[in-house]
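Observations on chain architecture
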Amino acid sequence: MKPQVIAVAGKGGTGKTTLAALIIQALRVPGPVLAVDADPNCNLGEALGLKVERTIGQLRDEVLEQISELPPGVPKDQLLELGLHQCLVEDQGLDLLSMGHGEGPRCYCMVNHVLRRVIDSLAGNYRYVVLDNEAGMEHLSRRTTQDVDVLLVVAEPTPVSLRAARRIKDIAEDLGIRVGKKFLVINRVRGELPQVEESGLPLLGTVPYDPQVEELSARGRPLAGLPPESPASRAVQGLLGKLSIGKEG
Ligand SMILES: Nc1ncnc2c1ncn2[C@@H]1O[C@H](COP(=O)(O)OP(=O)(O)O)[C@@H](O)[C@H]1O
Ligand SMILES: [Mg+2]
């Protein structure tokens, strides 16, 4: 199966994790969804109400330590593949993979290379892959075979945030990330929209400020507790509808 890959990017605090979590909630039926937390702060799990025991970063460090003790000839792919499955948090219609911290000073090239291949082949088991990225989109640039079908750049309804969105778009282009379609999503909208041309991106739609979202996050509760008819959930369903995602099959 070739999954549809949806990546959410944007400056810190714009609402990437919130948007990613709401997209995942909306897609877990039909599902299955692979949720990838590519932000080293790893809070997509929290937003989804899932507990992350082990990140890919931790796996990579462990495997590197083991490699020095293993007799030659033990296949690293198998070791990583096994470890990868231990990093997956499984839930109904949804598995979560958290990338954790980026590379340290040691050379991880070989392990990273194998890891990317293993993750890309894992992605084939899902109908959707949803990535919550860090602002720099490091992990996206290091993907191997998978293209991104839709890149959603999240911004707040201010000129400053829209300019930041343009920079994110430029970074994505500079990194050579292969993207099918790129859109701007304006989050936490309360009143009138500013001129969105500054972002250099076509506007897909907006997500309103939703007091229930803020309240859940203030209480440390997952967004799974947000009713599907709440303003933010409905807006996200509308965005997916415009993309014709979630209706197929
Ligand atoms: N539409 C919204 N309405 C109200 N609060 C929101 C909305 N979107 C995000 N928030 C809140 O804004 C804060 C930052 O959102 P978050 O998704 O963590 O941003 P990011 O992942 O980009 O850093 C969180 O406290 C979140 O609950
Ligand atoms: Mg986040």
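In what follows, the accompanying structure is described. (Residues numbered from 1 in each chain as written. Chains lettered and ligands numbered in written order. Predicted model: local features only at pLDDT ≥ 70, side-chain atom pairs only at ≥ 80, totals over all residues. Heavy atoms only, no water.)

Turning our attention to unusual backbone geometry. Between Val29 and Pro30 the backbone carries a cis peptide bond, its omega angle lying at 10°. Put simply, Gly31 and Pro32 share a cis peptide bond, and its omega is -10°. Looking at where Pro32 falls in the secondary structure, it is placed in the loop between helix 1 (16–27) and strand 2 (33–38). Its identity as a non-glycine residue notwithstanding, Cys42 has a phi of 45°, on the positive side. Summarising the element assignment, Cys42 is placed in the loop between strand 2 and helix 2 (44–48). In this model, Ser244 sits at a positive phi of 55°, which is unusual for a non-glycine residue. Within the secondary structure layout, Ser244 lies in the segment after helix 9 (231–242). Among the residues examined, Ser244 registers a relative accessible area of 48% and is labelled partly exposed. (Helix = DSSP H or I, 4+ residues; strand = E, 2+ residues; numbered from the N terminus. Buried < 20%, exposed > 50% of the residue type's maximum accessible area, 1.4 Å probe, protein only.)

What follows deals with the site of ligand 1. Near ligand 1 you find 17 residues, and of these Gly13, Lys16, Thr17, Thr18 and Arg188 are the closest. Here Lys16 contributes a backbone N or O atom positioned 2.8 Å from an oxygen atom of ligand 1. Taking 560 Å² as the accessible area of ligand 1 by itself, protein coverage stands at 82%. (Near = heavy atom within 4 Å. Polar contact = N/O pair within 3.5 Å; in protein donor to acceptor, adjacent residues only side chain to side chain. Areas by Shrake-Rupley, 256 points an atom, 1.4 Å probe, with all protein chains shown as cover.)

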